[in-house]
Structures are given as C-alpha cells and as structure tokens.
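Tertiary structure, described
Listed below are the residues making up each chain.
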Amino acid sequence: MIQVSQVTKRYGGETVLHNVDFHLETGDFAMLQGRSGSGKSSLLKLLYREIDADEGTIRFRQIPIGQTLKHVLRREIGIVFQSFQLIEQKTVFENIALAGKAVGRPMAEIETEAMRLLDRVGLRNKKDAFPGTLSGGQQQRAAIVRALLNKPSLLLADEPTGNLDKETAADILQLLKELHEEEEMTMLIVTHDDLLLTQQQAKIWTVEDGKVHEQAIT
Ligand SMILES: Nc1ncnc2c1ncn2[C@@H]1O[C@H](COP(=O)(O)OP(=O)(O)OP(=O)(O)O)[C@@H](O)[C@H]1O
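This section reports on the structure supplied with the text. (Residues numbered from 1 in each chain as written. Predicted model: local features only at pLDDT ≥ 70, side-chain atom pairs only at ≥ 80, totals over all residues. Heavy atoms only, no water.)

Notes on the sheet that holds strand β4 (residues 55-60)
Strand pairing in a sheet relies on backbone hydrogen bonds. The paired strands run either parallel or antiparallel. Reading across the sheet, the 4 strands line up as β2-β1-β4-β5 and stay open at both edges, with antiparallel pairing between neighbours. Bordering the open sheet on either side are β2 (14-24) and β5 (63-64), each of which pairs with just one other strand. Where β4 lies against β5, 2 bridges are found, and the strand directions are antiparallel. Directly across from F60, in β5, lies its bridge partner I63. Sheet strands in contact with helix α1 (residues 40-47) are β1 (2-11), β2 and β4, and its direction is about 60° off that of β2. (Pairing = 2+ DSSP bridges. Helix = DSSP H or I, 4+ residues; strand = E, 2+ residues; numbered from the N terminus. Contact = heavy atoms within 4.5 Å. Axes fitted to C-alpha atoms, helices over the stretch in contact; angles between N-to-C directions.)

Looking at the pattern of salt bridges
Under the counting rule described, the total for this entry stands at 14 salt bridges. Its salt-bridge partner being R74, residue E50 comes within 3.9 Å of it at the nearest N-O pair. With E50 in the loop between α1 and β4 and R74 in helix α2 (residues 70-76), the pair connects residues that are 24 residues apart, well separated along the chain. One salt-bridge network, held together by shared partners, links E113, R116, K151 and E183. (Salt bridge = Lys/Arg side-chain N within 4 Å of Asp/Glu carboxyl O.)

A word on the site of the ligand
Taken together, the neighbourhood of the ligand is formed by Y11, E14, V16, R35, S36, G37, S38, G39, K40, S41, S42 and E159. Take G39: an N or O atom from its main chain is 2.9 Å from an oxygen atom of the ligand. Out of a free accessible area of 640 Å², the ligand has 59% covered by protein chains. Elements with a contribution of two residues or more to the shell around the ligand: β2 and α1. If you tally residues by element for the shell around the ligand, the top one is α1, at 3 residues. In the shell around the ligand, the residues fall into 2 nonpolar, 6 polar and 4 charged. (Near = heavy atom within 4 Å. Polar contact = N/O pair within 3.5 Å; in protein donor to acceptor, adjacent residues only side chain to side chain. Areas by Shrake-Rupley, 256 points an atom, 1.4 Å probe, with all protein chains shown as cover. Nonpolar A, V, L, I, M, F, W, Y, C, P; charged D, E, K, R; others polar.)

Thoughts on the packing of helix α3 (residues 92-102) against helix α5 (residues 136-148)
Where α3 meets α5, the axes come as close as 8 Å, and the angle between the chain directions of the two elements is 25°. What the angle tells us is that α3 and α5 run roughly parallel. For α3 against α5, the interelement crossing comes out right-handed. When α3 is examined against α5, the residues V92, N95, I96 and A99 are found in contact with a partner set consisting of A142, V145 and R146. Taken together, the residues of the contact of α3 with α5 break down into 5 nonpolar, 1 polar and 1 charged. (Parallel < 35°, antiparallel > 145°, perpendicular 65-115°, else oblique. Left-handed = near helix turned anticlockwise from the far one by under 90°.)

Remarks on the side chain of N95
The residue N95 is located in helix α3 in this model. At 2.7 Å, the side chain of N95 forms a polar contact with the backbone nitrogen of I87. Beyond its immediate stretch of four places on either side in the chain, N95 contacts L86, I87, K90, P131 and R146.

Printed below as a string of structure tokens:
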C-alpha cells in the first residue's frame, strides 16, 4: 500500500531520515517505535504529505505521492493525533462532520456514517457535547470517528495514547485494533510505550539513527 524507497529528510543541516526504506502492506496493523526525536512523526508527515522528502520516493498504491492530489491523498488517509485536535467551539458531531464536508459529501450521508461510528465507539450520547466537557479517552474516540468518517484505506496515528492514562490508552489501542479488522483498514500507529507494543499483535518498525527497520512479528 505504501512503499518508501531511499527517502532522506533533512531540517536545515540535520538529517533526520537517511535513505529510508519502509513499507506497509494492505491490511497491516503496524507500530512505529523509536526514541524521542528519532523521526517517527517526520516519517508520518512524509506519508500524508504534510512535509516532502528531500530525496527518494514514496508510493501510495504504486503511484508516487508527489503525483497524487493532496485532497485525494487526504481522503485515502485518516490521521489521529496525540492532542486529539478537536475544535473546542464545535460539538463532537460538528467536528466529525467537518471531515465529510471537506470532501464534499452530502450531509445526510455524513450523518448516517457519523452516527454509525459514534455508536460503535460508544459516544452516541455525546454527539452534541463540546470537546472540553469530555474525558481524554472520549475526545480521542471522537477524533478517531472523525478520522474514519471518509472510510480511508489507511489510518495513521501519531502517539494516539500519549495523553491518556494507561488503562484508557489500552482501551483506545484495543479499539483501534478492532476497527482495523471491522473496517478493513491498514493502520500505522506511532508509540513509544513498550507495554502497548507487547500487548498487541502487530508488525513493529523501529526508527533509529536515521533508518527504519522491521523488528519482529509478535
Ligand atoms: N519543522 C522542523 N524544523 C526543524 N527540525 C525539526 C522539525 N520537525 C522535526 N524536527 C527535528 O527532527 C527530529 C525528529 O523529529 P520528529 O518529531 O520526527 O521525532 P519523533 O521521533 O516523532 O519524536 P517524539 O517521539 O519526541 O515526538 C528532531 O530532532 C526534531 O527536532
């Protein structure tokens, strides 16, 4: 699904990723680990074209992502962040609906899909709540629904459990694992929590010294 070939990323004089090869197969449930500052977020940002590589090629379904229109790529790739990134002045439903409006979907369709997903993550009764009134775990569930609304084929999550206590973190990771299967979605999750890494069956990739290598299948 994603093929990263010989990719180098520099910030000023600092080379963060150097001739990196990395791939995700359709249907993968993969974790990306590595020390703080090793370049995990940078790799994710390269995949959804928040930033561009200095060298090398990234292909999404065989096509170099530089040749794919950004809005097409964004529809195919859902993103979940550590900080949830919900708009405080909008309700849970409004936050989620924005993702559908951004790609021009009709409101009736947005509503049906949002309610299906809110039901699935146990948040239907919070659809009219504002993010500030929700727990961290609930906010992340809302953010996950927003990311899934347009049925992306790939979900990228950058430390999705980083702001949550251990128990809630485990719940969110379990939810992602279940959604991976139910929604038939490829997932790549950045985490540096060893506990999370060992709890789930996943392909584990490590970013280290500018390289990315596949560690083990647990
Ligand atoms: N926009 C930027 N400008 C300059 N340097 C940057 C920028 N973004 C990241 N870096 C640097 O690149 C390196 C890798 O950062 P990145 O955020 O990708 O690491 P990370 O593994 O995700 O770290 P963390 O686990 O702490 O989030 C760091 O040294 C960081 O300071």
